[in-house]
Amino acid sequence: MKNQLKMKNPTKLPKYIGISLFILFVSFSYAQNTKNSKIKLPESVFGEWQGNTGNGEYNGLLIHRDFIEFGYRPFMYQNIRKEPNGIFAFEAMDRQKNIQRYQMEILAEDSIKLKRGDDNFQLFIKHKDPLGSKRVTMANVPNKIKKTWFTTDGENNAEFKVEAEKIFFRTKPYTIEEVVHFRPNETGEYRFIVKNGKDYRMFYFKNWDEHYLQVSFNGGFGDLYKANKDYPDYRINDIEEYLASKFPQELRGDWLKGDGSNAWAFSFYYDYAVLDKKIWSYKSVDKTNGAYKIILENEREKKTVYAKQGKNKTAKFGYSPQTLKTYTLKTLNKPGFTLPNDVVYKEDELFKIDSATYSGIIRGFNPHGKEKTGMVYVNNVFTGNQDSHLIKIQDDGSFSVKFPSYHPQQVYVRFPNYNISVLVEPAKETWQLINAHKPEGIYFTGDIAQLNTDLMSLEFITRDFSFYDKVLIRVDQFSLAAYKKECISQYNRQVQKRDSVLKTRFISDKALQVFNLDLDYGLYEYLLSYDIYSKDRNSSKINSAYMSFLTPKIYDNKLAVVSSAYKSFINRLRFVPPMLGEISVVHPKPIELAKILESKNIALTKQEKALVHELKKFRKENAASLEKQEQFRKKNQEVIKSYSFKLSSVYRKLTDKEKSQISSRDGVNINLILEIMENKGLDVSFTSEEIAVQKARKELLTEEEYKHLAAYYTKENSNESKSFIQKHENIINAYVQSELLQQQTGKIRENLGNTFSADVIMSQYILGSMGLNFIPLSKTELIASQKKVSEPFIAKVIEVENNRIKKKIETNKSKIGFLARELPKTEADNIFDAIISKYKGKVVFIDFWATWCAPCLSGIKKMKPLKADLEGKDIVFVYITNQSSPKTAYNNLIPDINGEHYRVSRDEWNYLADKFNITGIPHYTLVNKKGEVIKTKLPPVSHMDGYKQIFKEELRK
């Protein structure tokens, strides 16, 4: 099989780098369909409406007399009708004849509910003007917009002409009906409603500068327009320099080899050239008898290039007049081209412990912009983690980063306003030119240039997101069998697209090998993802019979590691219920902990021995009662689990006094709980079965039996046991991880045998546990761990990763800039105020995190450059974690995280979680200089310019 789209990979942003202003052009026909009924929408619904998406995004809507605009797309009314329940229903059609179904419920003159297609009804409130805008006249529109604008498609056609009273679109005049200025405090954008007879059109003009505008159709970013035919077809800031450049127009551009490989060779621009992975300035350009002699130079050397203009966007270049070769500005379709040394990857040459290098130049990089760094994200299939590495961009746009690599793989790169996936290899360099001035300006040279070039040309096949919209987000509407059928159909469509490409142009054998693996393992990943996308979290639908499509050949394919989908495939395989079945480990209590310590030759203190002795005595004397409780627990395990989950959510909302009132020697007073819940109006309900089980548990033992248990369960004994457990927390965590690994190992081998995928999962168990606790393996543990895998290279990787953690711990010991703070002495519900009170007069950024949370650690790393920029300013970075972060891991990690650190108790965390509605981590909160919480939840750490702006605004106050 050959694949299915890997939908959930981070979506690429448009490659119009630096674009911030645009014209959105929307056109539509005026007349309503003659088949429409005579029913019309009420006058009160016509106007500007604002909805609430719940995520802070703009959600404006214009309901015109003749159309409804939704998401910048106009739909003409079709067949308006009024249902018996008073709801208006209608179809609406856009210019491309796409039809949408609408339902509208009128709540009042200023409020409606609108439903589009299968979406839910959404509330809209009427406004005189769109939010953040005002109505203006053409006299208020800047003169720099009132001009003729030309296309940037190479044709230089006059597309728009803006005058004082009219707008010409493709020479046709339109009278301006109204103008709205969005964000008038900024440069803003202008919305025009214009008409020519019954032909209405809408234009959204957002002025970029006097030289460029961008035109967008149906809400996309769209095409760029320029104010002068002589301007380049891409935005530049230095127009004067461009027009003054002496470098010939016919030789400018990104030149590809003319042999059919479509491989990039070099680029000549108006201001400099990129050749041999370097930037060159023009020392001189001379023309004699139609041939050019170009002398290039940089700080270290000079180079001479000879050139001659050709036809149809071709030219000849060479290092001497006698060695000129043909190059082209357009890709060539030569499916019969043969690439020398086109050798595919082989399993026995695949793995290597080394580093990969990713380098290149960003054409059009602004050194004075808000961001000067990028990130490369590397999936480590052997640890199961994603490692991130900072890319520092130099003022000339050049960059280079080196990072550990075990095999060829595709990595994800994020630059300011630009994202891309590239393939890297150990001991090799992936070199890339990113021409930010062109939508498809991505070029490669060096070690694996052809492979990356070909993979990039195939990328459009896996960029169809309709599968996500039609299937994945609606997965519960499909049976398991129907879902599998949809996945395979999507896969087959992509295979057909691939085959169509192969008939028209050259693709290297190695690129085709990698792409096919992407398709195959992307399909397997999605076939195993039904439960992931399902909103039903109570049960798994995937069973062993469903997984019969997986074969030993799929499991044992080492070449799969080059696929961008393989790590996710392994993740699905690792956690799919039929693979593991039921596994669990009971955390050791004091008696069990004492045995574990004894096995490790760790002596108990006198007090600990006494504690264990008393506990053994208690268990012996109350064996019958304890056995009753244990059997009851096993019999009602699922009900108790459900009840406990609900109870914990209630418990977080109780005062200390209420918590003490509901607790008794025989458990929780369920009647009192129900009474408190009713008084507080808590939206939690227990089932009759849950209540019955709790009451049965209360009556399980006799009064005498409860007295015997209560005699031991004193606060003093409880505190001693708790202290004993906490003292050896690391030993307990290691024990639990070891026991889980033992069970997981058995299940994986049972289901996957001695295959490569089984070894990869084994490696993730071993290295994941080590990374989680940030505790390296001892020599004995390392040898034992390596014996759990049959693949020699993976055994070696375990050793390398173990040494890496050792080195990291040693490096962290010498670091400064962090403070592990003692918690203030206060009640749990006052802990937050006590923490921030010491930072009055400073802006406080609070990061709720954990040592085991990969997104938390990634966010911390992304924030690092910004923290360095703000060093010395009145801002404090506070990091709060809880007891789920193992103490050793916590102590080993925080030296690498500059800031103030707090490790709170479970109760304190519960109060914080309730206060800030922390449902997941990382969770970010911002406090101003007055000590006031101004943002309870900040967005994820992705683009640092947004955070930089937020911090600067608060620091100015």
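Residues numbered from 1 in each chain as written. Predicted model: local features only at pLDDT ≥ 70, side-chain atom pairs only at ≥ 80, totals over all residues. Heavy atoms only, no water.

- The name given to the protein in an unreviewed UniProt entry is Thiol-disulfide isomerase or thioredoxin, with Salegentibacter echinorum as the source organism.
- Note on the protein: under the UniProt heading Subcellular location (unreviewed entry), the record states "Cell envelope". (UniProt positions renumbered as here; feature names shortened; annotations may be inferred.)

Observations concerning the overall build of the protein
In step 1: Each helix and strand counted, the protein has 27 helices and 42 strands in total.
In step 2: On C-alpha atoms alone, the protein measures out to a radius of gyration of 33 Å, which is about the 30 Å that the 2.2 N^0.38 rule sets for 957 residues.
In step 3: Projected onto its principal axes, the C-alpha coordinates of the protein cover approximately 110 × 75 × 60 Å.
In step 4: Counting over 957 residues, the protein shows a buried share of 48%.
In step 5: In the protein, the proportion of contacts linking residues at least 24 apart, taken out of those at least 6 apart, comes to 63%.
In step 6: Put simply, the protein shows about 48,000 Å² of open surface, and 49% of that area lies on carbon and sulfur atoms. (Helix = DSSP H or I, 4+ residues; strand = E, 2+ residues; numbered from the N terminus. Rg over C-alpha atoms; globule rule 2.2 N^0.38 Å. Buried < 20%, exposed > 50% of the residue type's maximum accessible area, 1.4 Å probe, protein only. Contact = heavy atoms within 4.5 Å. Areas by Shrake-Rupley, 256 points an atom, 1.4 Å probe, with all protein chains shown as cover.)

Overview of the nonpolar core
Burial of nonpolar side chains together is a common tendency in soluble globular proteins.
In step 1: Ranked by internal contacts, the top residues of the largest apolar core, which has 106 residues, are Phe 382, Tyr 483, Leu 550, Tyr 566, Phe 569, Leu 573 and Phe 951.
In step 2: Discounting chain neighbours no more than four positions away, the residues touching Tyr 566 are Val 381, Tyr 521, Ala 560, Val 561, Phe 756, Ser 757 and Val 760.
In step 3: Formed by 30 residues, the second largest nonpolar core is a distinct cluster that contains Phe 192, Tyr 225, Tyr 234 and Tyr 270. (Core = buried A, V, L, I, M, F, W, Y, C linked by side-chain atoms within 4.5 Å.)

Let's talk about a negative patch on the surface
In step 1: Negative charge collects at one region of the surface, where Glu 347, Asp 348, Glu 349 and Asp 556 lie side by side.
In step 2: Following the sequence through the fold, Glu 347 ends up in the loop between strand 26 (325–328) and strand 27 (354–363). (Patch = residues over 30% accessible without salt bridge, like charges linked within 9 Å, V, L, I, M, F, W, Y side chains within 5 Å. Salt bridge = Lys/Arg side-chain N within 4 Å of Asp/Glu carboxyl O. Lys, Arg positive; Asp, Glu negative; His and termini not counted. Charge placed at Lys NZ, Arg CZ, Asp CG, Glu CD.)

Thoughts on the packing of aromatic side chains
Any two aromatic rings considered together are summarised by their centre-to-centre distance and by the angle between their planes.
In step 1: Taken as a whole and assessed by the stated rule, the structure comprises 60 aromatic pairs.
In step 2: Summarising the aromatic geometry, the rings of Tyr 212 and Tyr 231 are spaced 6.2 Å apart at their centres and angled 40 degrees between planes, so their arrangement reads as tilted. Here the residue Tyr 212 occupies a position in strand 17 (residues 212–217), and Tyr 231 occupies one in the loop between strand 18 (223–226) and helix 1 (239–244), the gap between them amounting to 19 residues.
In step 3: Taken together, Phe 160, Phe 169, Tyr 190, Phe 192, Phe 203, Phe 205 and Tyr 225 form an aromatic cluster joined through their ring pairs.
In step 4: A cation over a ring is seen here: Lys 867 above Phe 877, with NZ or CZ 5.5 Å from the ring centre. (Phe/Tyr/Trp six-rings, centres within 6.5 Å; stacked < 30°, edge-to-face > 60°. Lys NZ or Arg CZ within 6 Å of the ring centre and 35° of its normal.)

Description of the sheet that holds strand 25 (residues 314–318)
In step 1: The antiparallel closed barrel is built from eight strands, whose spatial order is 19-20-21-22-23-24-25-26. Neighbour-to-neighbour, the strand axes of this sheet turn through a mean angle of 40 degrees, independent of strand direction.
In step 2: Alignment of strand 19 (residues 253–257) against strand 26, held across two bridges, turns out to be antiparallel. Within the sheet, the bridge partner assigned to Leu 256 lies in strand 26 and is Thr 328. (Pairing = 2+ DSSP bridges. Axes fitted to C-alpha atoms, helices over the stretch in contact; angles between N-to-C directions.)

Here's the deal with the pairing of strand 27
In step 1: Most of strand 27 sits inside the fold, with eight of its ten residues counted as buried.
In step 2: Pairing between strand 27 and strand 30 (residues 398–405): eight bridges, direction antiparallel. Pairing of Ser 359 across the sheet is with Ser 400, part of strand 30.
In step 3: As defined by bridge partners, strand 27 adjoins strand 33 (residues 429–435) across seven bridges and the pair is classed as parallel. When the bridges of strand 33 are listed, Tyr 358 appears paired with Thr 430.

A closer look at the environment of Pro 74
In step 1: Here Pro 74 shows up in strand 5 (residues 73–82).
In step 2: Since its relative accessible area comes to 2%, Pro 74 is described here as buried.
In step 3: Spatially, the C-alpha atom of Pro 74 lies 9.0 Å from that of Leu 62, the residues being twelve residues apart in sequence.

Remarks on the side chain of Arg 191
In step 1: Within the element layout of this structure, Arg 191 appears in strand 15 (residues 189–196).
In step 2: Polar side-chain contacts of Arg 191 include one of 2.8 Å to the side chain of Glu 178.
In step 3: Excluding its chain neighbours within four sequence positions, the residues that come into contact with Arg 191 are Glu 48, Leu 62, Glu 69, Pro 130, Arg 135, Glu 178, Val 179, Val 180, Phe 182, Met 202, Phe 203 and Tyr 204. (Polar contact = N/O pair within 3.5 Å; in protein donor to acceptor, adjacent residues only side chain to side chain.)

Brief notes about the state of the cysteines
In step 1: Under the definition given, this model contains one disulfide.
In step 2: Bridging Cys 853 to Cys 856, the disulfide has an S-S length of 2.3 Å. Across the disulfide from Cys 853 to Cys 856, rotation about the S-S bond amounts to roughly 80 degrees, and the bridge is consequently right-handed.
In step 3: We classify Cys 856 as buried; its relative accessible area is 0%. (Disulfide = S-S within 2.5 Å.)

Digging into helix 19 (residues 729–752)
An α-helical turn contains 3.6 residues, so any two residues separated by three or four positions project in the same direction.
In step 1: Taking 1.5 Å of rise per residue, 24 residues should cover 34 Å, and helix 19 covers 33 Å from first to last C-alpha, within 8% of that figure.
In step 2: Here helix 19 has its buried residues at Glu 729, Ile 732, Asn 733, Val 736, Leu 741, Gln 744, Thr 745, Ile 748 and Leu 752.
In step 3: After helix 19 finishes, the residue Gly 753 shows a positive phi value of roughly 70 degrees. (Expected span 1.5 Å × (residues − 1).)

Comments concerning the pattern of salt bridges
In step 1: Per the counting criterion, the structure on display carries 34 salt bridges.
In step 2: For Lys 303, the salt bridge identified is with Asp 276, shortest N-O distance 3.2 Å. With a gap of 27 residues between them, Lys 303 in strand 24 (residues 302–309) and Asp 276 in the loop between strand 21 (273–275) and strand 22 (278–288) connect regions that are remote in the sequence.
In step 3: For Asp 874, the salt bridge is made with Lys 842, and the minimal N-O distance between the two is 3.6 Å. Residue Asp 874 is located in the loop between helix 24 (854–869) and strand 39 (875–881), and its partner Lys 842 is located in the loop between helix 23 (831–836) and strand 38 (843–848); the two are separated by 32 residues in the primary sequence.
In step 4: Among the charged side chains, a network of salt bridges with common partners joins Glu 48, Asp 129, Arg 135, Glu 178 and Arg 191.

Side note on the pairing of strand 25
In step 1: In this structure, strand 24 lies alongside strand 25, joined through four bridges in antiparallel fashion. Paired with Gln 309 across the strands is Ala 315, a residue of strand 25.
In step 2: Where strand 24 folds back onto strand 25 in an antiparallel hairpin, the turn is made up of four residues, including Asn 312, whose phi is positive at roughly 50 degrees.
In step 3: Pairing geometry for strand 25 and strand 26, over four bridges, is antiparallel.

Digging into the environment of Asn 59
In step 1: Mapped onto the elements, Asn 59 comes out in the loop between strand 2 (47–51) and strand 3 (60–63).
In step 2: C-alpha separation for the pair Asn 59 and Asn 156, spaced 97 residues apart in sequence, amounts to 35 Å.

Quick look at the sheet that holds strand 7 (residues 99–108)
In step 1: Strand order in the closed barrel formed by eight strands is 2-3-4-5-6-7-8-9, and the pairing between neighbours is antiparallel. Shown here is a sheet whose adjacent strand axes are inclined to one another by a mean of 35 degrees, direction ignored.
In step 2: Where strand 4 (residues 67–70) lies against strand 5, four bridges are found, and the strand directions are antiparallel. When the sheet's bridge partners are listed, Ile 68 is paired in strand 5 with Phe 75.

Remarks on unusual backbone geometry
In step 1: The omega torsion across Ile 921 and Pro 922 is 5 degrees, close enough to zero to call that bond cis.
In step 2: Within the secondary structure, Pro 922 is located in the loop between helix 26 (906–916) and strand 41 (923–927).
In step 3: Even without glycine at this site, Asn 262 takes up a positive phi of about 60 degrees.
In step 4: Secondary-structure assignment places Asn 262 in the loop between strand 19 and strand 20 (264–268).
In step 5: Of the residues examined, Asn 262 reaches a relative accessible area of 11% and is grouped as buried.
In step 6: Its identity as a non-glycine residue notwithstanding, Ala 427 has a phi of 65 degrees, on the positive side.

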